[in-house]
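# Report on the structure
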Amino acid sequence: MSEPIGPKKRYFLLTAYFGLYLFVYQCLLAPYLYKKLGLSGFIVGDGIFNAFLMILFVLLNYDWLKKQWDIYQKAGWKGIWISIRTVLWLYASNLLFSLFVYIPLNLSSAENQINNDMVMKRDPVGFAFSALIVAPFVEEMVFRGCIFHPLAKKKGFTAGALCSGLLFGGIHVLASIETGNWLNLWYLLLYGMCGFVLCDPYAETDSIFAGIIAHSLFNLFSVVLSFL
């Protein structure tokens, strides 16, 4: 496997994401913005904070990202196919969850998805930018670049993917925890499976861009389907 992000930079990125974004912004500032400025204020604030994170991540890891992109380019059609195959596995995970959990338990929509739909209806352009560019890049850098990759090098693919998938699933059910919708914690299984699957393209190509592209394509198809 290629060299992971340096430990100091990893800790900084993890602190920026979990500390600044999830705790300071999502838990403290976002509710205040929503209360004072409404949905529009929340959307603008979220867009600014996400853009800041993406720019920070790029500037801090430019040389590493350039090497990762070179590796993905060298993979050629194999890399593209692996990204597409990952999208298919993501949809297979969603189908299995629907058949064996969502339908039998008669679950309501995930709080995370409800929030996304609300933002998408209010600001489709901003939502598309976040869903197709910012979120895939930032989340893959955090969960696959900072968590999966170094763990996989030391403990193997399964340990790295399980840890990455569990944390990835956890942040996507935070909205359900905040609203006390405990039944929707079943979505931890779905998002966790998706997080596990998204580790595969990194392992197969040795480049984080295989996962970023797969993540972006999956979000793209999901956005398009929501309009049909």
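Here the structure is a predicted model, which is why all the values come from computation and not from measurement.

Turning our attention to the overall build of the chain. Tallying secondary structure elements over the chain gives ten helices and zero strands in all. For the chain, the succession of helices and strands along the chain, N to C, is α-α-α-α-α-α-α-α-α-α. Its C-alpha atoms give the chain a radius of gyration of 17 Å, near enough to 17 Å, the size a compact globule of 228 residues would have. The dimensions of the chain, computed from C-alpha atoms along their principal axes, are 45 × 40 × 35 Å.

This next bit is on the packing of aromatic side chains. The description of an aromatic ring pair uses the distance of the two centres, along with the angle that the planes make with each other. Scanning the entire structure with this criterion turns up 17 aromatic pairs. Relative to Phe52, the ring of Phe49 lies with its centre 6.2 Å away and its plane at 75°, an arrangement referred to as edge-to-face. Pair noted here: Phe49 and Phe52 are both in helix 1 (residues 7-60), with a separation of three residues, about one helical turn. Judged by centre distance (5.2 Å) and plane angle (40°), the ring pair of Phe97 and Tyr187 falls under tilted. Placement of the pair is Phe97 in helix 3 (residues 77-105) and Tyr187 in helix 8 (residues 187-197), with a sequence separation of 90 residues. Tyr187 shares its class with Phe97; the two are buried. Each member of the aromatic cluster is reached from another via a ring pair, and the members are Tyr17, Phe18, Tyr21, Tyr25, Phe49, Phe52, Phe143 and Phe168. Positioned above the aromatic ring of Phe168, the side-chain terminus of Arg144 is 4.7 Å from the ring centre.

Residue pairs three or four apart in sequence face the same way in an α-helix, which turns once every 3.6 residues. For helix 3, spanning 29 residues, the distance from its first C-alpha to its last is 41 Å, which sits close to the expected 42 Å at 1.5 Å a residue. Along helix 3, the largest kink reaches about 45° and is centred on Ser98. Every buried residue of helix 3 is listed here: Gly79, Ile82, Ser83, Thr86, Val87, Leu90, Ser93, Phe97 and Val101. Just downstream of helix 3, Asn106 is the residue with a positive phi angle, here 55°.

Turning next to the state of the cysteines. Going through the model one piece at a time under the given rule, you end up with zero disulfides. With no disulfide of its own, Cys194 lies 11 Å from the sulfur of Cys199, the closest cysteine sulfur. We classify Cys194 as buried; its relative accessible area is 7%. Free of any disulfide, Cys199 has its nearest cysteine sulfur in Cys163, 9.4 Å distant. Under the relative-accessibility criterion, Cys199 is labelled buried at 0%.

Right, let's talk about the pattern of salt bridges for a bit. If the charged atoms of two oppositely charged side chains come close together, the side chains can form a pair. Scanning all chains against the criterion turns up three salt bridges. Residue Lys66 is joined to Asp70 by a salt bridge in which the shortest nitrogen-to-oxygen separation is 3.9 Å. Of the two residues, Lys66 and Asp70 both sit in helix 2 (residues 62-75), four residues apart, roughly one turn of that helix. Accessibility expressed as a relative area gives 46% for Lys66, which makes it partly exposed. Between Arg85 and Asp200 there is a salt bridge, and its shortest N-O distance comes to 2.9 Å. With Arg85 in helix 3 and Asp200 in helix 9 (residues 199-205), this pair connects stretches of sequence that are 115 residues apart.

Along the chain, Ser216 falls in helix 10 (residues 208-227). Between the C-alpha atoms of Ser216 and Ala135, which are 81 residues apart in sequence, the distance is 8.2 Å. The residues touching Ser216, leaving out its near neighbours within four places in the chain, are Leu132 and Pro136.

What counts, and at which threshold
Residues numbered from 1 in each chain as written. Predicted model: local features only at pLDDT ≥ 70, side-chain atom pairs only at ≥ 80, totals over all residues. Heavy atoms only, no water. Helix = DSSP H or I, 4+ residues; strand = E, 2+ residues; numbered from the N terminus. Rg over C-alpha atoms; globule rule 2.2 N^0.38 Å. Phe/Tyr/Trp six-rings, centres within 6.5 Å; stacked < 30°, edge-to-face > 60°. Buried < 20%, exposed > 50% of the residue type's maximum accessible area, 1.4 Å probe, protein only. Lys NZ or Arg CZ within 6 Å of the ring centre and 35° of its normal. Expected span 1.5 Å × (residues − 1). Bend = angle between axes of the 7 residues up to and from the residue. Disulfide = S-S within 2.5 Å. Salt bridge = Lys/Arg side-chain N within 4 Å of Asp/Glu carboxyl O. Contact = heavy atoms within 4.5 Å.

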